[in-house]
Amino acid sequence: MTMLVLAALAWILLHVIVAGPLRPALVGRLGLSAYRGLFSVLSAASLAALIWGYGQAPYIEFWPSAGWVTAVPVVVMPVALLLLVGSLRPGNPTMAGPDMILKGELPVSGMTRITRHPMLWAFSLWAGAHMIANGDAATLLLAGAILVTALNGMRSIDRKRAAVFGEQWQRFANKTSIIPFAAAAAGRVRVSWADIGWLNILAAAALYAVILWAHASLFGVPAYHP
């Protein structure tokens, strides 16, 4: 369990501190390309350590993984996969990665009409659903680390994009929301089926079917086990 605890702490510190308040100083010292390369290597290493630590951790149960809790991921994951697939649209202003150079208004379309952070909400939903369904210490540490960094990443990306795009970002943020459908509920944007997209729905459904089929082989338990 010690390895998993250390890996979870490393993952959180890397994404909350190194990618947060320490980022400007590190970029200034290393350069943007070197910083991104180092951050990618450290992220991959900490993720590998998380997965390895999870596999080695003892099973310590807080609540049983049985009954209705095991249905939570089955219900939540289609939504998470739809957000994930929709987040991959080219030109998404909140995609993690290299800072984009866009002219004119930042596009408010597709999944960004629902939430401006569809990918991070996909990770958050995955983590939260699996924490509920698997009431053991190892899952709480692994998924909890992912959940903390995904939720923190929404505000962190907002700050970084505001610094890069200035008024462009402010106009984009005024038309969108972090909380799904909050901008639509406030009347700042309209959401239609075209924004969700039938291709996204079909791709998410196909991915969901593959996960249901392969879950037992990959992770040792079926996706649903009442």
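Please refer to the structure higher up on the page.
Read on for an overview of the structure.

Each value, and the rule that gives it
- Residues numbered from 1 in each chain as written.
- Predicted model: local features only at pLDDT ≥ 70, side-chain atom pairs only at ≥ 80, totals over all residues.
- Heavy atoms only, no water.
- Phe/Tyr/Trp six-rings, centres within 6.5 Å; stacked < 30°, edge-to-face > 60°.
- Helix = DSSP H or I, 4+ residues; strand = E, 2+ residues; numbered from the N terminus.
- Buried < 20%, exposed > 50% of the residue type's maximum accessible area, 1.4 Å probe, protein only.
- Axes fitted to C-alpha atoms, helices over the stretch in contact; angles between N-to-C directions.
- Parallel < 35°, antiparallel > 145°, perpendicular 65-115°, else oblique.
- Left-handed = near helix turned anticlockwise from the far one by under 90°.
- Contact = heavy atoms within 4.5 Å.
- Nonpolar A, V, L, I, M, F, W, Y, C, P; charged D, E, K, R; others polar.
- Patch = residues over 30% accessible without salt bridge, like charges linked within 9 Å, V, L, I, M, F, W, Y side chains within 5 Å.
- Areas by Shrake-Rupley, 256 points an atom, 1.4 Å probe, with all protein chains shown as cover.
- Salt bridge = Lys/Arg side-chain N within 4 Å of Asp/Glu carboxyl O.

1. Thoughts on the packing of aromatic side chains
Argument step 1. Throughout the structure, instances matching the rule amount to three aromatic pairs.
Argument step 2. Relative to phenylalanine 39, the ring of tyrosine 35 has its centre 5.9 Å away and its plane inclined at 25°; by these criteria the two rings are stacked. One end of the pair is tyrosine 35 and the other is phenylalanine 39, both in helix H3 (residues 32-56) and four residues apart, which spans about a single turn.
Argument step 3. Given a relative accessible area of 5%, tyrosine 35 falls into the buried group.
Argument step 4. Classification of phenylalanine 39 by relative accessible area gives buried; the value is 18%.
Argument step 5. Each ring, one from tryptophan 169 and one from phenylalanine 172, has its centre 5.1 Å from the other, and the planes form 45°; the classification is tilted. Here the residue tryptophan 169 and the residue phenylalanine 172 both occupy positions in helix H7 (residues 167-175), the gap between them amounting to three residues, near one helical turn.

2. Some remarks on unusual backbone geometry
Argument step 1. Although it is not a glycine, phenylalanine 181 adopts a positive phi angle of roughly 70°.
Argument step 2. Within the secondary structure layout, phenylalanine 181 lies in the loop between H7 and helix H8 (182-185).
Argument step 3. Among the residues examined, phenylalanine 181 registers a relative accessible area of 43% and is labelled partly exposed.

3. Digging into the packing of helix H5 (residues 118-133) against helix H6 (residues 137-165)
Argument step 1. Packing of H5 against H6 leaves a shortest axis separation of 8 Å and a crossing angle of 155°. In terms of their interaxial angle, H5 and H6 are classed as roughly antiparallel. Where H5 crosses over H6, the handedness of that crossing is left-handed. Residues Leu120, Trp121, Phe123, Ser124, Trp126, Ala127, His130 and Met131 of H5 lie in contact with H6, whose contacting residues are Thr139, Leu140, Ala143, Gly144, Ile146, Leu147, Ala150, Leu151, Gly153, Met154 and Ile157.
Argument step 2. Here the residues of the contact of H5 with H6 sort into 14 nonpolar, five polar and no charged.

4. Description of a nonpolar patch on the surface
Argument step 1. A cluster of nonpolar residues, Val5, Leu6, Leu9, Leu13, Ile17 and Leu22, forms a patch on the protein surface that exposes about 500 Å² of accessible area.
Argument step 2. Position of leucine 22 relative to the elements: it lies in the loop between helix H1 (2-18) and helix H2 (23-30).
Argument step 3. The exposure class assigned to leucine 22 is partly exposed, which follows from its relative accessible area of 42%.

5. Regarding the pattern of salt bridges
Argument step 1. Per the counting criterion, the structure on display carries three salt bridges.
Argument step 2. In this structure, the salt-bridge partner of arginine 116 is aspartate 158, at a minimum N-O distance of 3.0 Å. Highlighted residues: arginine 116 in the loop between helix H4 (71-87) and H5 and aspartate 158 in helix H6, separated in sequence by 42 residues.
Argument step 3. Given a relative accessible area of 9%, aspartate 158 falls into the buried group.
Argument step 4. As a salt-bridge pair, arginine 171 and glutamate 167 come within 3.8 Å of each other at their nearest N and O atoms. Remark: glutamate 167 and arginine 171 occur in helix H7; sequence separation between them is four residues, near one turn of the helix.
Argument step 5. Take arginine 171: its relative accessible area is 35%, and that puts it in the partly exposed class.
Argument step 6. Judged by its relative accessible area of 62%, glutamate 167 is exposed.

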